[in-house]
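In case you want the letters, here they are:
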Amino acid sequence: MNKEDILKALSEVQHPAKNDRSLVELGMVADIAIDGAKVAITLAFPKHRDPLAEYLQGSARAAVLRNFPDAEVEVKTMIRDEAPKKKPGLDLGVEELADVRHIIGIASGKGGVGKSTVAVNLAIALARLGYKVGLADADVYGPSIPKMTGTEGEQPDAYQEGEKEVIMPLEKYGVKWMSIGYFAAPEQALIWRGPMACNALKQMILQVRWEELDFLLIDMPPGTGDIHISLVHDIPMEGAVIVTTPQAVALADVEKGVNMFRNDSVRKPIFGLVENMAWFTPEELPDNRYYIFGRDGGSRMAQKYDIPMLGQIPLVQGIREGGDNGEPVALGSRPDGLAFVELARKLAESLD
């Protein structure tokens, strides 16, 4: 009785949940020790215990005894934490991001400054310039990407790839989109604690088949909470673009956002600042500018913190209508749409 004899006996034991493949085929036989008539077998299971473990233990023992009735057989189990294969230099768990050149967070210190509007239009503008672009909506409590892109009611395809579930992003306007809003009704409130929201967000980004991208923009939630910490630590984000309005209240909160990215525990570069709603221009008076939220507040902040000023986006009716109708203004050639194209050009040039 040798190890080959025992392996031959164990090859008769099939795993019912693994297409009836044998324990030997599945590589579950971790060790065989033979001492005279005593046989000690160790079966290895994945990190999460197999519900059929006890059944397989008994079947393995019975298979050996059928072939060697006089043997004393003991079958033990162990947990084997198998690390998935990864590409050189790539952290575990982020394989789907391996072919993404730049991962950029679009952030703001407070809500209501038009961060998602800037993110959506910036993504489309980058695509218009010929780049391959994706956008992940990380605002889990207030996802607006489905509404702004006219993809409400659609649901991404998902399929099983081995033991991993892969999600396919939606594609429209030349951009790949992913949002938690695709998996919940528009009126449904996601009442999640921080850890649950962080886990859902990481799953939504790390299990998506992004494939080759020049830019993956992450529309971050407002503030500087645990979701932000999770993003910058668990997602290989290259840096951020900050969105603000000119008014003092917004700028005060944006300063906190700037300091978060420059904190010693984060240390992510800020590629530029976008001043949204820089002035109001009526549709019928396109040459008039009314600085209803203040003037050049973003420019002063950019200068104070030595951040590039990427652009100023006016407050015009067409931008609001485009977001409500699911047809972002960056698709068109009006001045408001071209402002986003110029913004995209500056960001791409600074990174390339």
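Residues numbered from 1 in each chain as written. Predicted model: local features only at pLDDT ≥ 70, side-chain atom pairs only at ≥ 80, totals over all residues. Heavy atoms only, no water.

### So, the overall build of the chain
How we decide: Secondary structure elements follow DSSP: runs of H or I no shorter than four residues count as helices, runs of E no shorter than two count as strands, and numbering proceeds from the N terminus. Only heavy atoms matter for contacts: two residues are in contact if any of them lie within 4.5 Å across the pair. Computed by Shrake-Rupley with a 1.4 Å probe, the accessible areas treat only the displayed protein chains as cover when residues are assessed.
When its secondary structure is counted, the chain shows 10 helices and 15 strands. Partitioning the contacts of the chain with sequence separation of at least 6, the portion at a separation of at least 24 is 73%. Of the roughly 17,600 Å² that the chain leaves accessible, carbon and sulfur atoms contribute 48%.

### Comments concerning the sheet that holds strand 13 (residues 239-244)
Where we set the bar: Strands are treated as partners if at least two bridges between them are detected by DSSP. Lines are fitted to the C-alpha atoms to define the axes, a helix being fitted only along its stretch in contact, and any angle between axes, read from their N-to-C directions, falls within 0 to 180 degrees.
On the basis of which strands lie adjacent, the open sheet formed by 8 strands has the order 10-11-7-12-6-13-14-15 and mixed pairing. Looking along the sheet, the strands with just one partner apiece sit at the ends: strand 10 (170-172) and strand 15 (309-315). Across the sheet, the mean angle separating the axes of adjacent strands is 25 degrees when strand polarity is ignored. Bridge count for strand 7 (residues 133-137) against strand 12 (residues 213-219) is 5 bridges, and the pairing is parallel.

### What to know about the nonpolar core
The test is simple: Note on terminology: a nonpolar core comprises buried Ala, Val, Leu, Ile, Met, Phe, Trp, Tyr and Cys residues joined through side-chain atoms within 4.5 Å. Three labels apply to residues, based on accessible area from a 1.4 Å probe with only protein chains included: buried if under 20% of the type maximum, exposed if over 50%, partly exposed otherwise in between.
Counting residues in hydrophobic clusters, the biggest one holds 79 residues, and the most contacted among them are Trp210 and Phe261. If one sorts the elements of this core by residue count, helix 3 (residues 115-128) sits on top with 9 residues. Apart from residues no more than four positions distant in its own chain, tryptophan 210 is found in contact with Glu96, Leu97, Val100, Gly134, Leu135, Ala136, Pro169, Lys176, Met178, Ile205 and Leu216. Residues Ile6, Val13, Met28 and Phe45 belong to the second largest nonpolar core, which totals 20 residues.

### Some words on the pattern of salt bridges
Basically, it comes down to this: Here, a salt bridge means any side-chain nitrogen of Lys or Arg that lies within 4 Å of a carboxyl oxygen of Asp or Glu.
If you walk through the whole model with that rule in mind, you get 10 salt bridges. The salt bridge involving lysine 304 is made with glutamate 255; its shortest N-O contact spans 2.8 Å. Residue lysine 304 is found in helix 8 (residues 297-304), and its partner glutamate 255 is found in helix 7 (residues 248-261); the two are separated by 49 residues along the sequence.

### Focus: the packing of helix 1 (residues 3-10) against helix 2 (residues 53-67)
In helix packing, the relevant descriptors are the interaxial angle and the interaxial distance, both defined with respect to the helix axes. Inclusion rule: Orientation categories follow fixed angle ranges, with anything under 35 degrees roughly parallel, anything over 145 roughly antiparallel, 65 to 115 roughly perpendicular, and all other angles oblique. Each crossing gets its handedness from the near helix: less than a right angle anticlockwise from the far helix is left-handed, clockwise is right-handed. Amino acids outside the nonpolar list (Ala, Val, Leu, Ile, Met, Phe, Trp, Tyr, Cys, Pro) and the charged list (Asp, Glu, Lys, Arg) are all regarded as polar, and Gly is one of them.
Two elements in contact, helix 1 and helix 2, have axes separated by 8 Å at closest approach and are oriented at 120 degrees. The pairing of helix 1 with helix 2 is recorded here as oblique in orientation. Relative to helix 2, the crossing made by helix 1 is right-handed. Between helix 1 and helix 2, the contacting residues are Ile6, Ala9 and Leu10 on the first element and Ala60, Ala63, Val64 and Asn67 on the second. Split by residue class, the contact of helix 1 with helix 2 holds 6 nonpolar, 1 polar and no charged.

### Thoughts on the pairing of strand 13
A regular strand places its side chains on the two faces of the sheet in alternate fashion. Burial analysis of strand 13 places 6 of its 6 residues in the buried class, the great majority of the element. Residue alternation in strand 13 divides its side chains into two sets, Gly239, Val241 and Val243 and Ala240, Ile242 and Thr244, and both sets are buried. The pairing of strand 6 (residues 100-107) with strand 13 spans 4 bridges and is parallel. Opposite alanine 107, over in strand 13, you have isoleucine 242 as the bridge partner. Pairing analysis gives 5 bridges linking strand 13 to strand 14 (residues 270-280), with the strands arranged parallel. Residue pairing across strands places valine 243 opposite valine 274, the latter belonging to strand 14.

### Structural notes on the sheet that holds strand 3 (residues 29-35)
The 3 strands are arranged 3-4-5 in an open sheet whose pairing can be described as mixed. Two strands lie at the open edges of the sheet, namely strand 3 and strand 5 (72-79), each paired on one side alone. Averaged over all pairs of adjacent strands, the angle between strand axes in this sheet comes to 15 degrees, irrespective of strand direction. By the bridge criterion, 6 bridges tie strand 3 to strand 4 (residues 38-45) in an arrangement that is antiparallel. The residue of strand 4 that forms the bridge with aspartate 35 is lysine 38. Its contacts with the sheet put helix 1 on strand 3 and strand 4, and the angle it makes with strand 3 is roughly 130 degrees. Of the strands in this sheet, strand 4 and strand 5 touch helix 2, which is tilted by about 150 degrees from strand 5.

### Side note on helix 1
Since the α-helix turns once every 3.6 residues, residues separated by three or four places project in the same direction. Definition in use: This arc is built from the directions going out from the helix axis to the C-beta atoms. Between N or O atoms, a polar contact is any pair within 3.5 Å; within protein, one atom must be a potential hydrogen donor and the other a potential acceptor, and residues adjacent in sequence are included only when both atoms are from side chains.
For helix 1, every residue scored as buried is listed here: Ile6, Ala9 and Leu10. For helix 1, the arc enclosing every buried residue in end-on projection is 95 degrees, short of the 170-degree limit, so these residues lie on one face. Set apart from the buried face of helix 1 by more than 90 degrees, the exposed residues are Glu4 and Lys8. Between a side-chain oxygen at the N-terminus of helix 1 and the backbone nitrogen of glutamate 4 the separation is 3.1 Å; the capping residue is asparagine 2.

### Looking at the confidence of the model for the chain
Applicable threshold: The pLDDT value expresses, per residue, how confident the predictor is, ranging between 0 and 100.
When pLDDT is averaged along the chain, the result is 82, and 87% of the positions lie at 70 or above. Low pLDDT (under 50) marks residues 82-92, which in the prediction has 10 contacts with non-local residues, meaning those over four places away or in another chain.

### Considering the packing of aromatic side chains
To be explicit about the condition: Two rings from Phe, Tyr or Trp (for Trp, the six-membered ring) form a pair when their centres are within 6.5 Å of each other. A pair whose planes differ by under 30 degrees is stacked, one over 60 is edge-to-face, and the rest are tilted.
What the rule picks out here adds up to 3 aromatic pairs. Arranged with centres 5.2 Å apart and planes meeting at 85 degrees, the rings of tyrosine 131 and phenylalanine 215 form a pair that is edge-to-face. Pair noted here: tyrosine 131 is in the loop between helix 3 and strand 7 and phenylalanine 215 is in strand 12, with a separation of 84 residues, a long-range link. Tyrosine 131 sits in the partly exposed class, given a relative accessible area of 22%. When its relative accessible area of 0% is taken as the criterion, phenylalanine 215 is described as buried.

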